[in-house]
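# Understanding the architecture of this molecule
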Amino acid sequence: MGGPSGWPALISLLLVVAILFFCSAISIDEARTQLLMREKMLQLGGQLVLTEQEELANERLMALKKAEVVQAMKIQNFPPSIHFFQAKNLIEKSEVFSILKKMPKGAALHVHDFGILSMNWLVKNVTYRPHCHFCITPKGALKFKFAYPTPPTPMPAECSEWVLLEKYRKEMQNVTEFDYGLLRNFTLMTENPEVDYANQNIVWSKFQSIFFTISGLVHYAPVFRDYIFQALEEFYQDNVLYLELRAMLLPVYELNGTIHNQEWSVRTYREVAYMFAKKHPGFIGIKLIYSDRRLKNVSFIMKSVQTAMMLRATFPRMVAGFDLVGREDTGHTLYDYRKALMIPILQGIKLPYFFHAGETDWQGTSIDRNLLDALILNSTRIGHGFALTKHPAVWADSWKKNIPMEVCPISNQVLKLVSDLRNHPAAVLMATGYPMVVSSDDPAVFGAKGLSYDFYEAFMGIGGMAADLRTLKQLAMNSIKFSTLLDTEKKAAMKTWEERWTKFVADLARRPKESE
Ligand SMILES: *[C@@H]1O[C@H](CO)[C@@H](O)[C@H](O)[C@H]1NC(C)=O
Ligand SMILES: *[C@@H]1O[C@H](CO)[C@@H](O)[C@H](O)[C@H]1NC(C)=O
Ligand SMILES: *[C@@H]1O[C@H](CO)[C@@H](O)[C@H](O)[C@H]1NC(C)=O
Ligand SMILES: *[C@@H]1O[C@H](CO)[C@@H](O)[C@H](O)[C@H]1NC(C)=O
Ligand SMILES: *[C@@H]1O[C@H](CO)[C@@H](O)[C@H](O)[C@H]1NC(C)=O
Ligand SMILES: *[C@@H]1O[C@H](CO)[C@@H](O)[C@H](O)[C@H]1NC(C)=O
Ligand SMILES: [Zn+2]
């Protein structure tokens, strides 16, 4: 007390100002912290409580992630924001990517029968097998066929004469160059994707021509078997233990012209997966989602729904359900097919659906409404669901019914739905904790492999700095949770995954700290 008069007033005034300042500072920080905490809890994996070991691993992972993001901001070159074909080399240099490769990712729930094994294997192994012929269609597409002796020349409107590849290679100047040309026919990869694929029509046209071209290779019975085995190997190497394949089950042929039916194909998938599991500890297996093209008319799809019911009755543990594949923007809508898709329920038979829906940028069109019908038809999961955030009612209801989205980032970018993956709509789903899994669609066609590249895009680009080890753990667990494995199988799968996860986390936690 005391002092010159006037001082106490000044001091108390200063005090008030200081307190006001301090308090408002506190309240800003508190409010921010609260908002951040709330959002952290909301986001995918936000509810998970990490073990001490996981916290350590998370610190290591996030330090690396931060360093990569900071560097990318500085040089304005962030792989998820550039086209995958140009980003691939950069991604392969990333430490985060090398960790994601080692991470046990659980299951691949959205992949297609012949887009899952590196195309180089088709070039280097399959086209070098004896009796491999090719011809060229009037439109310039390659077509292959194994046969002995050489089959008669097709109609000119269909294809050129059949050329024996073995003989053709012998007379060739530069086989390396030829093989490289084949590889370019088998993938979408190019140096200038923006120039070569100026719009969605162009990229889809080449995408479809690739499946046309490789069809004669992969449907040759000996190749068919090896393809499945090698593909499982590639996913296993990428730490994926279980796959659900969208499979069209087109006819498989032998050298002497014998053609196998769909039951044969399902049995072969089962046999090969069983053999593979015997040789690969921890591998869980595969299931098939029988799929037909959305180009076909309703009467055709009525038949394939019936085929799906028949196959599921014959192979209840192998055939999980039904889907429609192909480009949504130009194909029939689910609503067009309603008569076909209602057959099972009207007959009192359960046929689970796994529809591709909302793989479009055209909001409010009949195609975009596929999401509504996928929900109404009780789709077990939704393929892509790219347009989901534009449909708040569908979004709310599918969340209530716990219908996960199968997000395939690289596919969406290459097929030109979104160019900068930071702007992928799944960013919203991730931030709100909507149930989702990450998958790779047709990695081999996009020049990717397994699931790791898509996990990288989801973790770095879609999730941004908010995504951490919790996000990754939730995505991996979701892939088992939302699979069609039986409850007992799920328990076993989760146990196998947990063992691997614990080891992965321990290795990551032991990494030396980055110097910052
Ligand atoms: C192709 O791979 C199989 C194993 O899947 C192997 O037995 C065969 O010798 C290979 N063929 C060629 C031509 O490389
Ligand atoms: C064959 O083609 C490749 C790729 O175009 C080229 O690198 C190589 O030098 C060529 N080899 C010969 C012998 O011309
Ligand atoms: C596809 O293969 C044919 C025949 O080898 C070749 O002439 C053509 O250049 C290839 N296409 C591409 C895009 O490389
Ligand atoms: C054709 O080849 C397959 C596989 O080698 C064989 O199982 C089948 O008996 C053959 N069929 C005929 C008619 O020769
Ligand atoms: C469906 O398509 C097939 C072949 O394209 C054709 O034979 C059939 O008549 C079509 N059915 C209807 C109802 O249009
Ligand atoms: C979808 O599920 C609901 C609720 O279980 C049921 O009432 C409806 O009939 C199902 N619809 C189809 C097409 O399966
Ligand atoms: Zn797909």
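Calculation notes
Residues numbered from 1 in each chain as written. Chains lettered and ligands numbered in written order. Predicted model: local features only at pLDDT ≥ 70, side-chain atom pairs only at ≥ 80, totals over all residues. Heavy atoms only, no water. Pairing = 2+ DSSP bridges. Helix = DSSP H or I, 4+ residues; strand = E, 2+ residues; numbered from the N terminus. Core = buried A, V, L, I, M, F, W, Y, C linked by side-chain atoms within 4.5 Å. Buried < 20%, exposed > 50% of the residue type's maximum accessible area, 1.4 Å probe, protein only. Domains from an automatic or database assignment. Contact = heavy atoms within 4.5 Å. UniProt positions renumbered as here; feature names shortened; annotations may be inferred. Donors = N, O, S within 2.8 Å, 3.2 Å for Na, K, Ca; no water. Tetrahedral: all angles 85-135°; square planar, octahedral: opposite > 155°, others 65-115°. Phe/Tyr/Trp six-rings, centres within 6.5 Å; stacked < 30°, edge-to-face > 60°. Disulfide = S-S within 2.5 Å.

## Quick notes on the sheet that holds strand β11 (residues 382-384)
On the basis of which strands lie adjacent, the open sheet formed by 4 strands has the order β10-β11-β12-β13 and parallel pairing. In this open sheet, the two edge strands, each paired with only one partner strand, are β10 (356-357) and β13 (436-438). Where strand β12 (residues 405-407) meets β13, 3 bridges bridge the pair, whose relative direction is parallel. When the sheet's bridge partners are listed, methionine 405 is paired in β13 with methionine 436.

## A look at the nonpolar core
Formed by 148 residues in total, the largest nonpolar core has its most connected members in Leu122, Leu188, Tyr269, Leu341 and Met436. The element contributing the most residues to this core is helix α10 (residues 221-237), with 10 residues. When residues are assigned to domains, this core turns out to be shared by domain 1 (84-119 + 216-506) and domain 2 (122-196), each giving three or more. If near-sequence neighbours (up to four positions away) are discounted, methionine 436 is found in contact with Leu44, Pro404, Met405, Val407, Ala426, Leu429, Met430, Leu475 and Asn478.

## Focus on the UniProt feature "domain: Adenosine/AMP deaminase N-terminal" (unreviewed entry) in the chain
Under the UniProt annotation, "domain: Adenosine/AMP deaminase N-terminal" (unreviewed entry) lies at residues 29-100. A distance of 34 Å separates the end C-alpha atoms of residues 29-100, which is 75% helix and 0% strand.

## Focus: the coordination of the zinc ion (ligand 7)
Coordination of the zinc ion (ligand 7) by the protein comes from His110 (NE2), His112 (NE2), His356 (NE2) and Asp441 (OD), over a distance range of 2.1 to 2.2 Å. Coordination geometry of the zinc ion (ligand 7): the 4 donor atoms subtend angles of 85 to 172° at the metal centre, consistent with an arrangement described as irregular. Donor residues binding the zinc ion (ligand 7) come from one chain and are separated in sequence as H-x1-H-x243-H-x84-D. On the criterion of sequence distance, the pair formed by histidine 110 in strand β1 (residues 106-112) and aspartate 441 in the loop between β13 and α19 (452-462) is long-range, its members being 331 residues apart. Classification of histidine 110 as buried rests on a relative accessible area of 0%.

## Concerning the packing of aromatic side chains
This model, assessed by the stated rule, comprises 27 aromatic pairs. The interplanar angle of 80° and the centroid separation of 5.5 Å between the aromatic rings of phenylalanine 84 and tyrosine 453 together place this pair among those described as edge-to-face. Here the residue phenylalanine 84 occupies a position in helix α3 (residues 84-93), and tyrosine 453 occupies one in helix α19, the gap between them amounting to 369 residues. The residues phenylalanine 84 and tyrosine 453 share a single accessibility class, namely buried. Judged by centre distance (5.1 Å) and plane angle (70°), the rings of phenylalanine 114 and tyrosine 227 are edge-to-face. Taken together, the positions of phenylalanine 114 in the loop between β1 and α5 (119-124) and tyrosine 227 in helix α10 put the pair 113 residues apart, joining distant regions of the chain.

## Examining the state of the cysteines
Tallied over the full model, the rule gives 1 disulfide. There is a disulfide in this structure between cysteine 135 and cysteine 159, and the S-S distance comes to 2.0 Å. Around the S-S axis, the bridge from cysteine 135 to cysteine 159 shows a dihedral of about 90° and counts as right-handed. One end of the pair, cysteine 135, is in strand β2 (residues 132-136); the other, cysteine 159, is in the loop between β3 (142-146) and β4 (163-164), with 24 residues separating them in the sequence. Cysteine 159 shares its class with cysteine 135; the two are buried. Cysteine cysteine 132 is unpaired, with the sulfur of cysteine 135 as its nearest cysteine sulfur at 11 Å. Of the residues examined, cysteine 132 reaches a relative accessible area of 1% and is grouped as buried.

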